[in-house]
Amino acid sequence: LDLVKGEPVSNKSLLGTHTIPRRELIHFCFHLEHLVRVKVPILEGLTDLRDSLENPRFREVVAGLVESIEGGQTLSQAMDAHPRVFDKVFVSLIRAGEASGRLPEVLRSLTETLKWEDELASQTKKLAMYPAFVGTIVIAATFFLMVYMVPQLKQFVKNMGEALPMQTKILFFVSDTLVAYWYVALLLPTLLAIGAKILLHTNPLARVRFDAIKLRLPFVGGILRKIILSRFANTFALLYSSGIPILESIRTTQDVVGNLVVRHRLERVEQLIGEGQNVTAAFHRTGFFPPLVIRMLKVGESTGALGEALVNISYFYNRDVKESVEKVQQLIEPALTMVLGCLLGWIMLSVLGPVYDVISRIKT
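This one's a predicted model, so the numbers in the text were calculated from it and none came from an experiment. (Residues numbered from 1 in each chain as written. Predicted model: local features only at pLDDT ≥ 70, side-chain atom pairs only at ≥ 80, totals over all residues. Heavy atoms only, no water.)

Trainee: Would you mind showing me how to read the packing of aromatic side chains here?
Mentor: Two descriptors summarise a pair of aromatic rings, namely the distance from one centre to the other and the angle between the planes of the rings. Summed over the entire model, instances satisfying the criterion amount to 9 aromatic pairs. An angle of 70° between the planes, with centres 6.4 Å apart, marks the rings of F236 and Y240 as edge-to-face. Taken together, the residues F236 and Y240, both in helix α10 (residues 220-241) and 4 residues apart, mark about one turn of the helix. Since its relative accessible area comes to 0%, F236 is described here as buried. Here F283 and F289 contribute two aromatic rings whose centre-to-centre distance is 4.9 Å and whose plane-to-plane angle is 70°, an arrangement assigned as edge-to-face. (Phe/Tyr/Trp six-rings, centres within 6.5 Å; stacked < 30°, edge-to-face > 60°. Helix = DSSP H or I, 4+ residues; strand = E, 2+ residues; numbered from the N terminus. Buried < 20%, exposed > 50% of the residue type's maximum accessible area, 1.4 Å probe, protein only.)

Right, dumping it as C-alpha cells:
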C-alpha cells in the first residue's frame, strides 16, 4: 500500500486543547500499580490499559507511551513527552520509582495524591460556585428592575408633581443610563475580564501583584493561602519520600503552587539551602510560612522524619480548608441576601417615597 494523502491529527477542538480528566489519571495509576505489582511488564500493562480506556484523547496518549517504550525509552522518558498530561511532579516521581525499584509504591502514592487533589479542587469549586450563582441572580434581578420596572414607575412618580428626593433622582439617573447604554453594561465586564486576562499573561509584574492581592483578600485570601500550603506540603512530602533530593524536590514544587508570590519564596528557599543553610532556617527567613510549618519542619528535620512532618502539615491544612470553606459558605449566604435586600429596599423606598408623601397629604 502507498500513502496517497495524509495530514497531522489535530488534538484541538473549537474550545481549545482537550484536557485529560483527573479521574482518568487516577484509574490509570491505580490499574498500572496493580499490574506492575504482580510483575506484569510495563509494556504489556500499558497495552492492556490502552485497549480498555474510553477517553479517546487519553487512549492516544497511552498509545504514544507504548510506541516510545517500544522504541527504547523508559516510562518516565515517554511520559516527559506529554507535559500537558503528566506534569513535572508526575514524571519526577516515576523516574525516582524506576531508579529505586519502588515503582508500585510510587504509583500508589500518585493515586492517593490525585484523589486528594480532586477532593481539594471540589472544595475550591464549592467555595466559588455558590457566591457566583447568587451574585449572578442579584445582578440579573437588579438589571431587570432598573431596565424594566423603574422606567414604568418613573412617569407615574413625575406626574404627581412632587419634588423628587435625591435618592429618587439618583435611581432614575441610573435607570436612564442603563436603558440608554444597556449594551455597554453587558459588554464592559466581558471586555474588562478579557483585558485583565491578557494583561496577566503578558505582564509578569501584574501577575505578581494580582497573586499578592488574592492572598490578602478577606475570608478568601486565608483559605487560598491554606490551599497553597497544603498542596506544597503534600507534593514536597511525596517527592522527598520517594528519594528525590531536597533541592530538586523544592524546585519541582515551585510549578504546582500556582501563585507567583509563593513561587518566589520557594525560589528563595532553594537559594538559601543551596548556600548551606538548613531547611528550617531557609523557610523561616522568607517570612511567608506560618509558625506551624516552621515548627513542624524543625521537628521533622531534627528527628530525621521530614517527610512525615510534611505529610502532617498537609493533613492539618487540608482539614482546615474544609472547615474554613464551610464557615465562609455559611457567612456568604446571609451576606448576599442582605445585599439583595438592601438593593430592593433602596429601589422601593426611592419609588414609593414620593407616593407615600402624596398619600399622607391627602389624608391631612
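Trainee: How do you make sense of the confidence of the model for the protein when you look at a structure like this?
Mentor: Low-pLDDT portions of the prediction should not be read for the details of their coordinates. Considering every residue of the protein, the mean pLDDT works out to 81; 92% of them sit at 70 or more. Note that pLDDT drops below 50 for residues 11-17; the model gives that stretch 7 contacts with residues more than four away or on any other chain. (pLDDT = per-residue confidence, 0-100. Contact = heavy atoms within 4.5 Å.)

Trainee: Quick question: what am I supposed to make of the packing of helix α9 (residues 204-216) against helix α12 (residues 260-274) here?
Mentor: Helix packing geometry: the angle between the two helix axes and the distance between the axes. Interaxial distance between α9 and α12 falls to 7 Å at its minimum, and their mutual angle equals 100°. With respect to α12, the axis of α9 lies roughly perpendicular. Packed against α9, whose contacting residues are P204, R207, V208, D211, A212 and L215, the element α12 presents L260, V261, V262 and H264 at the interface. Class assignment for the residues of the contact of α9 with α12 results in 7 nonpolar, 1 polar and 2 charged. (Axes fitted to C-alpha atoms, helices over the stretch in contact; angles between N-to-C directions. Parallel < 35°, antiparallel > 145°, perpendicular 65-115°, else oblique. Nonpolar A, V, L, I, M, F, W, Y, C, P; charged D, E, K, R; others polar.)

Trainee: What's the story with helix α14 (residues 291-303) in this structure? I'm lost.
Mentor: Within an α-helix, residues lying three or four positions from one another point in the same direction, as the helix has 3.6 residues per turn. With 13 residues, α14 should cover 18 Å at 1.5 Å per step; its first-to-last C-alpha distance of 18 Å lies within 8% of that length. Within α14, the full set of buried residues consists of V293, I294, L297 and G300. For α14, the buried positions fall inside an angular range of 135° around the axis, keeping them on one side. What points out from α14, more than 90 degrees from its buried face, is the exposed set P291, R295, K298, S302 and T303. (Expected span 1.5 Å × (residues − 1). Arc of directions from axis to C-beta.)

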